[in-house]
Structure formats: C-alpha cells, structure tokens
Amino acid sequence: MFNRIRHTLKAIPLHHIRLMSGALLFAALLLLYLFGSWETNRQRTLTQLEALVALAQSNTRLLQQQLQHQLADLQTDLQNQPAAVDGLQWLRQTQQPGPAFSHIAMYDISGKRLASSFDNNSLQQAPPDLSTADLALLRAHQPRFVSTAEINKGHYLPYCMLMKQQQNSLIVCLLTSTSSNGLQWQAAGSLEHSAQRIINSDGVLLLASPLPVSRQPILGKRISPRQFENLNLNTAAYRDNTIRHFSNQTEFDGVKRLGVVSFDAQLQLLQIVSLPMAALLRLWLEDIIWPMVFLLVLLAGNWQLYRYLRSNAQQKEARYSQETRALSEKENIINMLMSNIPGSIYQISLPEHLLNFITHGDLQITAGDDNNHSGRQSLLTYIHPDDQERYLQEIDIHSKSRTPYKITYRVRTRRHELKWVMDRGQVLFKEQQPCRLEGLLIDITDHTLSQQHVEYLATRDPLTELINRYYFNDELINSIERLQSGHGRIALLFIDLDRFKTVNDSLGHQVGDRLLKLVADRLRHLIDPQHMIARLGGDEFIVMMNDPESSQEIEQLAEKIINKVSQTFTLDHYKLSTSCSIGISVCPDDSKESYILMRNADTAMYQAKSRGGNCYQFYTEEMNQKANSRLTLENELRRAVKNQEFALYYQPQVSTSDNKLLGAEALIRWIHPTAGIVSPADFIPVAEETGLIREIGDWALMEACKQFHEWNKAFSRELTISVNVSVRQLDDAFVLRTQEILNISGLDPKHLELEITESLLLDNVQENLRILDNIDKLGVRFAMDDFGTGYSSLSYLKQFPISKLKIDRAFINEINNDPEDEAIVRAIIALAKTLRLDLVAEGVENHQQLALLQALACDSYQGYYFSKPVPADVFRECYLQQNPPQQKSLPQP
C-alpha cells in the first residue's frame, strides 16, 4: 500500500506538490487565526458579561434595601393601627406607591390575600394568593422576593415580610413592576442584545428582561431540571459565590446563548446575564472582516501572479509537446487508423476478386497478420453461397455506373462463425477498365439479428408463436388484391373456443394460456402450409384458405378443426375438454373488403355460438340485417337512457279471497319517440349485454319506491311494491344503491320486494347468496319469479332468503284443463305452505282459474282478470282513490 502511495506521489509534478503544500499551510494558518480570533472575542464578551452580572447584583441589592426600608416603615405604621383596622382602606388611604414599588398587598399567615392597593379585587385584576413554596421560603428567610405574579396583563415582583399587628400576624408584600426602571434591563454598545434572568433559591424564575414574547407564562414558574443542566447549573450553584459560564446552550426563550451565572448569597438569588450566540457571531465577524478582506485581496493578487507564470510555462510545454506529437503521428497514423476502424479494410483485384490486402479488425476473416497479402484467396470463398450471386450483380451494376457501393451479405470467418457484414467501397479503374475494389467491411451481425427479432415479434403472437392480427390483416389485403387480378376464392374461418372463460376462472390464466398453446399446436399441424392460421387474441383464431376448390372443401376443413379441438387435452393432472364455434365468410361472395370479411366471419361465429357451439356457420345476409338491427336498438337504447324515455306501469297484486289490494308489480316500458311502446322482452336482453341494465334498474327502483312511499303516506296504506332484478345488477354496489334509494325515497324496507329468477341463482351461488343476505339485512324481502320453469332446486329455498314464490303463468293458463298443471300448482302451494312462504299466482285471466286457486288456498294473484299493467295515474284513480278498489276491464297498454 505504501509503495502504491509512493508511486502515486512520484507521478505528480513537483510544482503541483509545491502548490498543494502551500495551500495546505495557508489553510492551516487561516483556521488557526479564525479560531484564535473567535476565542479572544468570546473571552472578552464573557468578561463584559461578568461586569454586567455584578452590576445587576448591585442594582438588585439597592432595590432590596429600598423595599426593606419601606417595609420597616409600614410595619411601624401597622403596629400603631387598631386591631379592627380595615386593611383595604388602610392600604388605599394611608399608603401610596413608593419610588421602588407600584402596589401593596396584605395576606394572612396562610398566604390568603386580604387586601391590595389595586382598584379592582377581581381574580383577574388582583394579586394571587401566596403559594406554599413561597410561604416556606418566607419562614426560612425573610424579608425576601417571592414568585412573580401576573396581574391585569402586567408582571410584578413581590418583596414580602411577616409583620405583627396587635395580636395578629400578617404578611405584607411590596409589588414592583418588572417594567420599572429599577428592574428593566438596559445594556448598550456591543452587548445591547444581552438579557438578564433572576431565579430564587427554589428555582423559580422571578425576572426575565427583556421578557421573551413567546414564553411569557414562564415568569413565576419553576425552572425544569433539564433547563438548569443546559445552563451548566446544579444544586452546587446555590452553595457558593463562584461565577459560572455557559456557552452555546439553549436558554428559556429557545435561543442558544453565551452567559454568566452568579449566586447572591445575601439575597438568595441567582443572577444570569447572557448574549445570543448570533450576536456573539456578529461581534466576531466585525473583528475579522477587514483582516479577511486584506487577506483575500493579497491571495487574489498572488493567484493572478501564479496563473501568469504558470501560463507561460504551459505554453512552452505545449509547443514542445505539439512538436513531439506531430512527429509521432506522422509515423503511426496509418496503424492507428487501421486499429481504430470497426471493421476490416480490404483491396481486391478484379475480375477474379482476389484479396490483395485485408486487415483483421473485428471480423478476422482470414488467418495471418493484418499486413499479410493474400493474393491467392478470393473473397467469394468467404461469402455465403446464397449471397454470392447478389454480390456479383451489385458489383457489376456499380462498375458500370462508377458509383460507390453498399452491399449487405453474410461471410464465414476463420472461426467458422456466420456473420452479417456491410460492405462499403468503390471501384477503381485503369485505362477505363475496372481493376480493383477498395472498401471497408463492417460487422452488423448484432444489429441485423436484433432487427430480425423485432420484425418477428411484430408479426408473431408471443404466446402461441402463430402470426398475429396485424400481419394477418396485411396478408389478407394482399391476397384479396391478387385475387382481384385473377380468379379464385378466399375463405376465412373465424374460430372461437367455447367455455374458455370457465377454464380461466376456475383453473387460472396460466392453465388457460397453456391450453391456448396446445390448441395452436393442433391447428398448426392440421392446416396445410398453403393456408394461413393466426391468433387474433384471447381465445380467437382465424384461418385463411387460399383458393378452396368448393364449399365442400371449406366444410371439410371446418369439421376437421371442430373434431381436433374437441379431443381431450392433458395438462399435468388435468384432463380438459373444450370445443369451438366457427364462422365462415367467403371472398368475393360475401365481400371484397378485408374488414367486412372479418366482420362477417365474426358475425357467423356468434350465430354458431347461439346454436350451442361446437359447430360451424356460413355467413348470410340475414345475419347482417339482424346485427344491424341489434346495433340500432343498442344505440337507441343508450339515447333512451340519456333522455329518460322510460315509464313504469303497475299491475295490482290482490288477495284471492276478497280481492283486497296488497301491492303491485312494477313493469318498465320504453316509450319510443317514433315506435311507441317497446316491449321489455325486446330491449332488456340488450340492456343486460351492454351493462345499461344497471342504470335502467336503478331508475326503475327509485321511481317505484318514491311512488309507493307517496301513495302509502297519502292513503294510509301498507302496500308492497315488487321490482324485478337482473343478474347483471347483483354486486356489492347494488347493496349500497338499494340502501341509498330507500333512504332517499323514504319507503319502509318491508314494503319493498325484489323479484329474482331461478336462472340468477345458477352462477356464482355463494357470491349471490352473500349479496342477497346483505340486502335482506336491510329489511327488504325477496320473491322467486317464474318458480318451476327454470332449474328448480329445493335447496335454493333453504339457502336463499326467499319469502314469496310466484307461480308462473305457464302453469296457470291450462290449470282448469290440464290435470298435470293443476297437480304442479297444487304441489307448489303445498310446498310454500310447508315452508311458510307467501304465494302469488301470475297470469290469472278468468273466474274459473281464480276459483280453483281459491279452492287450493293460494294467497294472492295478479293478472288480466283483475287488471292489466296500468300507468301510475290510472292505478291511483282506480285502486287507491276508490275504496274498496273495483275490478276493472282496462285496455292493454
């Protein structure tokens, strides 16, 4: 290590070492001067502070003597007063404030205030009672100063003495304002920012001058032990008269100070005089400013002189070095250029392409030294056979045009590595004939491979390594253009896996991705190379058949794909079975535009899915019309939601025994501006697919709750409103929206009934159960709509919070004619009675049906026999304002 340091020092020029040594010596002297100046200034300031603390003690003693003399006079006068003298009157009439005090206060022997010379004896404007600590100090040594008191927003320092009046013992205190001339601290000159503090032997702060504005409440309070430690004080400070110093310590006002502390044994007081460190720093800067200015000027002059001398020396060295480098560069410039060029420089003789000269560079194509003339070797022997013909053609073209060439090809190095090179050079002529090639070979292997990889990623699906959507679209457009110039056809087979979402949701996306890779492998081996297969994204694939001979060939390929995909897949310990739906469009039969062909194939695929999947479907114009109609309906439905084109109709629900009105079912209607009333069967499925059902359902629920709250309140009824709920509405947010709607509308939750269908309970049973339980906790009831027509499971009646069953109209229509329908209705009623569930029969249209339901003890019914669904105003007029409501025969809305 020491040898390394020694070699490092030897490498540094001598004049640099001298310069650094001088700088270090100057810095050391400067620091020594600054430290000495600071210490001298500090000691001088401490000496001045010691003088000030002596002066402060003298002033305090003088004040004490004056106050003691006043108290002696008061004691003499008080002893001559009768025992029943009024202390307050005596204080105000006979005793006037003296030059050393402002007010007088009289206390009993327990320290309780008896009277004072203040005009108002309220608690805020009169002296406080003496504390226990002050009484203890008075008994130990008196007269003496006690704790400073705050009276009428002013601070007073009491000087108290125990007196005798006839048979009574009193304490009389003279109160001196801390702002009086006797106590006000004033220091001039360099110590104008100094401060005085007086603390009694019990550690109570009696005086602070000047008074810290932000810390006024500390007067009259005991100083904490930590603050004493900050000032280098302890109990020993009260036992001797030694003057103590503290430096850079935080005092009571939060400011770091330099100070002097002295204890007055006669008065039992601690005197502190201090100066902020900022003021001390300012005094120190005033002392050193001019010497430092002189020193800096001197330093700047020396630095300029050094720069001038150094510049002359550097100019001489530069001229010498420049001459030396020029000689060296002339000798080594060729070798330096060759070694720095990122490639190989060559010279080739034509027409045999024999190498006259080539440097190794980065490529190292040939063996031997850089200057080895390899006249017997041809560059063609190193060029890849597939690139040789193109290389010769480029050279011939540029020989004729006499222009520089730039050719990219592959070469094999002496290490048998295949590399891509860029050959940039020119053809040299002799007597108008090409004789030599001179140029530079640059290794571009990494760049070329990276570019090829980027092009591959841009055209390939990273998961399945099939071509992606973008490359497929380009190839489809090109194939259509070639097709238009001749004859033939193109068929697109749009493939979508059936129930793939179930695999993802149940087994995870990793298993789903592996399944997609296996499907892609099967399709890749199944499809002929003349056709093209791509992955569009998700679980969608597409095949482009080039020039199929007939529709039968297209169908055969579709059937092969369906059969291949439907075979079981083995993934670890999973055995997965899936299927696919295929939509087929043909060019030019269906369209000559690529995007229309893709759209048509997609439409046909969805038609195949609607048939149950695992099949194929050719595109037809009817599908297009149906898709356009659905798109139009979706757009108009969005407009209807925005413009509030909906209305609620209400169908009464009444008792089967006496036709008593129990409530109603809210049924939504779309009031189309041109088409009139649109049936819910036409637009509700579209609303569920697009997610608009949430907005529509929330609006319907809010309107129904508001309406029935108004009617129940106006007519003193207990009517229940039933509102249908879609499976797409059920989520945690729906629970919050239901509670919010109940709060806004004011409807009692027991008057709200939500109707759900059996199909809603098929998927996500546990999740739906949790959501329905949360709504049930709000007090809302549930009715199972169309009971018996879906995937009925009696376990649902036990698990879910169902309170009512609605018998579907399919069983009511033929209940009088079909014994099986009657048996089913009878069984449903018996089941409901056993489970203590309410019942309502839907679709009652005649008296015979009603009579049978009455005989079977069905609770309630709704249907055209009593009333069709009616608007709110008709419902109000017919069934609320009339009492009892009359059965109406109303036109169908």
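Please refer to the structure higher up on the page.
This structure is a prediction, so every number in the text was calculated from the model and none was measured. (Residues numbered from 1 in each chain as written. Predicted model: local features only at pLDDT ≥ 70, side-chain atom pairs only at ≥ 80, totals over all residues. Heavy atoms only, no water.)

Undergrad: Even after reading the chapter, I still don't get the sheet that holds strand β12 (residues 344–349), so can you show me in this structure?
TA: Neighbouring strands of a sheet are bound in pairs by backbone hydrogen bonds; such pairs are parallel or else antiparallel. Taken in spatial order, the 5 strands line up as β13-β12-β16-β15-β14 in an open sheet, and their pairing is antiparallel. Each end of this open sheet is capped by a strand with a single partner; those strands are β13 (354–358) and β14 (405–412). On average, each strand axis in the sheet is tilted by 30° relative to the strand beside it, whichever way the strands run. Sheet topology note: the strand β15 (residues 418–430)/strand β16 (residues 433–443) ladder contains 10 bridges and is antiparallel. Bridge pairing in β16 links Val 427 to Leu 437. Each of β12, β14, β15 and β16 is contacted by helix α7 (residues 385–401), which is oriented at about 155° to β14, the strand it contacts most. (Pairing = 2+ DSSP bridges. Helix = DSSP H or I, 4+ residues; strand = E, 2+ residues; numbered from the N terminus. Axes fitted to C-alpha atoms, helices over the stretch in contact; angles between N-to-C directions. Contact = heavy atoms within 4.5 Å.)

Undergrad: I tried to follow the nonpolar core on my own but got confused; where do I start?
TA: A general feature of soluble globular proteins is that nonpolar side chains tend to end up buried together. Grouped together as the largest cluster of nonpolar side chains are 79 residues, with contacts concentrated most on Phe 646, Leu 752, Leu 754, Leu 805 and Phe 875. When residues in this core are grouped by element, the largest group, 10 residues, is from helix α16 (residues 693–715). When residues no more than four places from it in sequence are discounted, the contact partners of Leu 754 are Leu 701, Val 723, Val 725, Phe 734, Ile 775, Val 780, Arg 781, Phe 782 and Ala 783. In terms of nonpolar packing, the next biggest core, distinct from the first, is built from 31 residues, Ala 491, Leu 523, Phe 541 and Met 545 among them. (Core = buried A, V, L, I, M, F, W, Y, C linked by side-chain atoms within 4.5 Å. Buried < 20%, exposed > 50% of the residue type's maximum accessible area, 1.4 Å probe, protein only.)

Undergrad: Before we go on, may I ask you to explain unusual backbone geometry in this structure?
TA: Glycine aside, the phi torsion of most residues is negative, and most peptide linkages are trans. Omega for the bond connecting Leu 350 with Pro 351 falls within 30 degrees of zero, at 5°, which places this linkage in the cis form. Structurally, Pro 351 can be placed in the loop between β12 and β13. Positive phi, normally seen in glycine, also occurs at Ala 857, with a value near 65°. Tracing the chain through its elements places Ala 857 in the loop between α22 (847–855) and β32 (860–861). On the basis of relative accessible area, Ala 857 is assigned to the partly exposed category, the value being 40%.

Undergrad: Whenever I open this one, the sheet that holds strand β18 (residues 532–537) confuses me. Can you help?
TA: Here 5 strands make up an open sheet; going across it, the order is β18-β19-β17-β22-β23 and the pairing mixed. For this open sheet the edge positions go to β18 and β23 (616–618), each flanked by a neighbour on one side alone. On average, each strand axis in the sheet is tilted by 20° relative to the strand beside it, whichever way the strands run. Here strand β22 (residues 579–587) runs beside β23; their pairing, made up of 3 bridges, is parallel. By the bridge assignment for β23, Gly 583 is matched with Gln 617. In this fold helix α11 (residues 509–526) packs onto β17 (490–498), β18 and β19 (540–546), with an angle of close to 10° to the strand it touches most, β19.

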